[in-house]
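Observations on the model geometry
Chain by chain, the residues run as shown.
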Amino acid sequence: MSYVDDVLSRVKEKNASEPEFLQAAQEVLESLRPVIEANEELYKREALLERLTEPDRQFKFRVPWVDDNGQVQVNTGYRVQFNNAIGPYKGGLRLHPSVNLGIIKFLGFEQIFKNSLTGLPIGGGKGGSDFDPKGKSDREVMAFCQSFMTELCKYIGADVDVPAGDIGTGAREIGYMFGQYKKIRGTYEGVLTGKGLTYGGSLARTEATGYGLLYITQELMKCHGESMEGKTVVISGAGNVAIYAAQKAQQMGAKVVTCSDSTGWIYDPEGIDVALLKEVKEVKRARLTEYAAARQSAQYHEGRGVWQIKCDIALPCATQNELLIDDAKQLVANGCKAVCEGANMPTTIEATRYLQENGVWFIGGKAANAGGVATSALEMTQNSERLSWTFEEVDSKLQQIMVNIYHNIDDAAKKYGMEGDYVAGANIAGFEKVAQAMLAQGVV
Ligand code: NDP
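Residues numbered from 1 in each chain as written. Predicted model: local features only at pLDDT ≥ 70, side-chain atom pairs only at ≥ 80, totals over all residues. Heavy atoms only, no water.

Points about the environment of isoleucine 428
Applied cut-off: Strands are runs of DSSP state E lasting at least 2 residues, helices are runs of H or I lasting at least 4, and numbering of each runs from the N terminus. Exposed residues in this analysis have more than 50% of their type's maximum accessible area, buried residues have under 20%, and partly exposed residues fall in between, with area computed by a 1.4 Å probe over protein chains only. Contact criterion: two residues are considered in contact whenever any of their non-hydrogen atoms come within 4.5 Å of each other.
Following the sequence through the fold, isoleucine 428 ends up in helix 17 (residues 422-440). A residue is classified by how much of its surface remains accessible, and isoleucine 428, at 0% relative accessible area, is buried. Counting along the chain gives 16 residues from isoleucine 428 to alanine 412, while the straight-line C-alpha distance between them is 6.4 Å. Leaving out residues up to four positions away in the same chain, isoleucine 428 has contacts with Ser31, Leu32, Val35, Ala412, Tyr416 and Met418.

Rendered as structure tokens:
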């Protein structure tokens, strides 16, 4: 049995109850085959893959808080510190009822390679809780965030582990968590990113993941002799990534015709009104039915369905496993040219293969949504310098990082005879740097 197969079978045995983590591990290790095979003896002796698939440590803790009726509620908090070979652990905090250890592990594992791809010195980690901020009052959200940070603050720090936002964790939640960290630890440091601009946040961080997704998509199109101008784009999600992806796509001259949330989706053939979408989602925190009610050209549909709309480019920006094999078939049948993932692992392995085999240019989330964490790392740099850069400065660095990522993953795929396989290219380019650092640092 090859070293990759041997490790994969042990990972499966050990983590049988964590399907998302297994899916991520399988996707990464399968695509690393040519690199591993070229150095099999060394990697096997060093147990490099075993060390890479086992987190450095993981925390699971109780988060008690009191709701507005005086009732005590209990949630579970997680932080997985996966790998710090190239820098402090870095990765977001997800607040969603679906959160469990397997999901946090999958996200933390992916984060190792993504962070490496940015070219910046950050390791991989992830955290969160099964708490659902939806429908909670501001006071309840604060009570949860304070309780969550009361425990989490023992394990993080500006040079140790720097969490950020993710699904359900936006500026409000980061603010409450930062306040509690400062109060308990008594230090004012850049321990979280995605902070408000008045207390150490970076301009362009809010926009970064969505904008970065479009910068890499634009480079992909350019390198295939195409432009964004006049293209029809379908987007899923209506959160942070989706909103700013739609905004940048429109600035580039494309037309975005869909968005979605967990209950339904919008088809707006006139093009999504981003200002209205922001009002509905960022200000009112309401459902997409409100968008439809306010805009005549918009059609609202219950359930899921954005991938059936004819498009040139599809950008899944909601959550994991939201683009399935039948969706992939529909996209191909409709002549879709490119799929770039704004969310983490939104496309199943089967759907990814189908898209690639049918000539769709496919860039996975590890590369395509790395703009968020890259800008978080730029926020860390500004905090260390005690300086704030202008929006244009941060945005132009982000743009350069995304263009570099595209060329790095393209080159890595070509180097191992897999031209056009940007998924493998991203895994390989991300892996090589982490592997070298791990080998250099000995058995730790
Ligand atoms: P938000 O919470 O801002 O938005 C998430 C969106 O996806 C919402 O529209 C939400 O709908 C929808 N959604 C969430 N869960 C589900 C589900 N189970 N089924 C259907 N729809 C769902 O999160 P972000 O925009 O920040 O994150 C989106 C994705 O991008 C995630 O995969 C995240 O890990 C990834 N990502 C985010 C980064 C960032 O900087 N924010 C950086 C890199 C990756 P509803 O409002 O109804 O819940």
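Comments concerning helix 1 (residues 3-14)
Test applied: What a helix should span is 1.5 Å times the count of its residues minus one.
Look at helix 1: 17 Å from first C-alpha to last across 12 residues, which is about the 16 Å you get at 1.5 Å a residue. In this fold, the buried residues of helix 1 make contact with helix 2 (19-38), helix 3 (40-45) and helix 4 (48-52).

Some words on the sheet that holds strand 11 (residues 313-316)
Operational definition: For two strands to pair, DSSP has to find at least two bridges joining them.
Here we have 5 strands laid out as an open sheet, ordered 7-6-11-12-13, and parallel in their pairing. One side of each edge strand has no neighbouring strand; the edge strands of this open sheet are strand 7 (255-256) and strand 13 (361-363). Across 4 bridges, strand 6 (residues 232-236) lies against strand 11 in parallel orientation. Paired with valine 233 across the bridge in strand 11 is isoleucine 313.

Observations regarding unusual backbone geometry
Glycine aside, a negative phi is what most residues show, and trans is what most peptide bonds show. Backbone geometry places alanine 47, a non-glycine residue, at a positive phi of 50 degrees. The class for alanine 47 is partly exposed, based on a relative accessible area of 24%. In this model, methionine 345 sits at a positive phi of 50 degrees, which is unusual for a non-glycine residue. By the element assignment, methionine 345 lies in the loop between strand 12 (338-340) and helix 13 (349-357).

Regarding the site of the ligand
Selection criterion: Nearness is defined per residue: one heavy atom within 4 Å of the molecule or strand is enough. Pairs of N or O atoms within 3.5 Å make up the polar contacts considered here, provided that, within protein, one atom can donate a hydrogen while the other can accept it, and that residues adjacent in sequence are counted only when both atoms are side-chain atoms. To be clear on the numbers: accessible area is Shrake-Rupley with a 1.4 Å probe, and residue cover counts the displayed protein chains and nothing else. Polar here means any residue outside two lists: the nonpolar Ala, Val, Leu, Ile, Met, Phe, Trp, Tyr, Cys and Pro, and the charged Asp, Glu, Lys and Arg; Gly therefore counts as polar.
Around the ligand lies a shell of 25 residues, among which Lys134, Asp166, Thr209, Ser262 and Arg287 are the nearest. The separation between an oxygen atom of the ligand and a polar main-chain atom of glycine 168 is 3.1 Å. When the free accessible area of the ligand is taken as 900 Å², the share hidden by the protein chains comes to 83%. Secondary-structure elements contributing two or more residues to the shell around the ligand are helix 8 (205-223) and helix 9 (240-251). Of the residues belonging to the shell around the ligand, the class tally is 6 nonpolar, 12 polar and 7 charged.

Concerning the packing of aromatic side chains
Any aromatic ring pair is given by two values, namely how distant the centres are and how the planes are angled relative to each other. Short version of the rule: Any two rings among Phe, Tyr and Trp, with Trp reduced to its six-membered ring, count as a pair given centres within 6.5 Å; such a pair is stacked if its planes are under 30 degrees apart, edge-to-face if over 60, and tilted if neither.
Following the criterion strictly, the structure yields 15 aromatic pairs and no others. Ring centres of tyrosine 43 and phenylalanine 431 lie 5.8 Å apart, and the angle between their planes is 85 degrees; this geometry places the pair in the edge-to-face category. Here the residue tyrosine 43 occupies a position in helix 3, and phenylalanine 431 occupies one in helix 17, the gap between them amounting to 388 residues. Residue class for phenylalanine 431 comes out buried when judged on its relative accessible area of 1%.

Let's talk about the packing of helix 9 against helix 10 (residues 274-283)
Spelled out, the test is: For helices, the fitted axis covers only the stretch in contact; all axes are lines through C-alpha atoms, and the angles between them, taken along N-to-C directions, range from 0 to 180 degrees. Should an angle fall under 35 degrees it is taken as roughly parallel, and over 145 as roughly antiparallel, whereas 65 to 115 is taken as roughly perpendicular and any remaining angle as oblique.
Interhelical geometry of helix 9 versus helix 10 gives an angle of 170 degrees and a closest axis separation of 10 Å. The pairing of helix 9 with helix 10 is recorded here as roughly antiparallel in orientation. In this structure, helix 9 uses Ile243, Tyr244, Ala246, Gln247 and Gln250 to contact helix 10, whose residues at the interface are Val274, Leu277, Lys278, Lys281 and Glu282. Tallied by class, residues from the contact of helix 9 with helix 10 come to 5 nonpolar, 2 polar and 3 charged.

Observations regarding a nonpolar patch on the surface
Definition in use: A patch is a set of surface residues, each over 30% in relative accessible area and not in a salt bridge, joined within 9 Å for like charges and within 5 Å for the nonpolar side chains Val, Leu, Ile, Met, Phe, Trp and Tyr. In the sections that follow, a salt bridge refers to a side-chain nitrogen of Lys or Arg positioned within 4 Å of a carboxyl oxygen of Asp or Glu.
Together, Val66, Val72 and Val74 give the surface a local cluster of nonpolar side chains, amounting to about 240 Å² of exposed area. When you line up the elements, valine 74 lands in strand 2 (residues 72-83). The exposure class assigned to valine 74 is exposed, which follows from its relative accessible area of 54%.

Topic: the nonpolar core
Side chains of nonpolar character tend, in soluble globular proteins, to be buried together. Put simply, the test is: As used here, the term nonpolar core means buried Ala, Val, Leu, Ile, Met, Phe, Trp, Tyr and Cys residues forming a set that is joined through side-chain atoms within 4.5 Å.
Membership of the largest hydrophobic core comes to 105 residues, with the highest contact counts inside it found for Ile363 and Phe431. At 10 residues, helix 17 tops the list of elements feeding residues into this core. Sequence-distant contacts of isoleucine 363, defined by excluding residues within four places in its chain, comprise Ile216, Leu220, Val339, Cys340, Glu341, Ala368, Tyr406, Ile409 and Tyr422.

So, the pattern of salt bridges
Note on pairing: side chains with opposite charge can pair once their charged atoms come close. Under the criterion given, the structure shown has 28 salt bridges. Linking aspartate 410 and lysine 414 is a salt bridge whose minimum nitrogen-to-oxygen distance equals 3.0 Å. Residue aspartate 410 and its partner lysine 414 are located together in helix 16 (residues 391-415), separated by 4 residues, close to a single helical turn. A relative accessible area of 9% places aspartate 410 in the buried class. Through salt bridges that share partners, Asp5, Glu30 and Arg33 make up one connected network.

Some remarks on the side chain of aspartate 312
Note the cut-off: The charged-residue count follows a simple rule in which Lys and Arg add positive charge and Asp and Glu add negative charge, with His and chain termini not counted at all.
Within the fold, aspartate 312 resides in the loop between strand 10 (299-302) and strand 11. Despite being buried, aspartate 312 has no salt bridge partner; lysine 337 is the closest side chain of opposite charge, sitting 4.4 Å away. Sequence-distant contacts of aspartate 312, that is, excluding residues within four places in its chain, are made with Gly230, Lys231, Thr232, Cys336, Lys337 and Ala338.

Brief notes about the sheet that holds strand 10
The strands that make up a sheet are held in pairs by hydrogen bonds between backbone atoms, and each pair lies either parallel or antiparallel. With antiparallel pairing, the 3 strands of this open sheet are ordered in space as 8-9-10. Pairing within the sheet leaves two strands with one partner each, and these edge strands are strand 8 (258-260) and strand 10. When strand polarity is set aside, the average angle formed by the axes of neighbouring strands in this sheet is 20 degrees. Where strand 8 lies against strand 9 (residues 264-267), 3 bridges are found, and the strand directions are antiparallel. Bridge assignment links serine 260 to a residue of strand 9, and that residue is tryptophan 265.

Read these as geometric descriptors, not functional statements.
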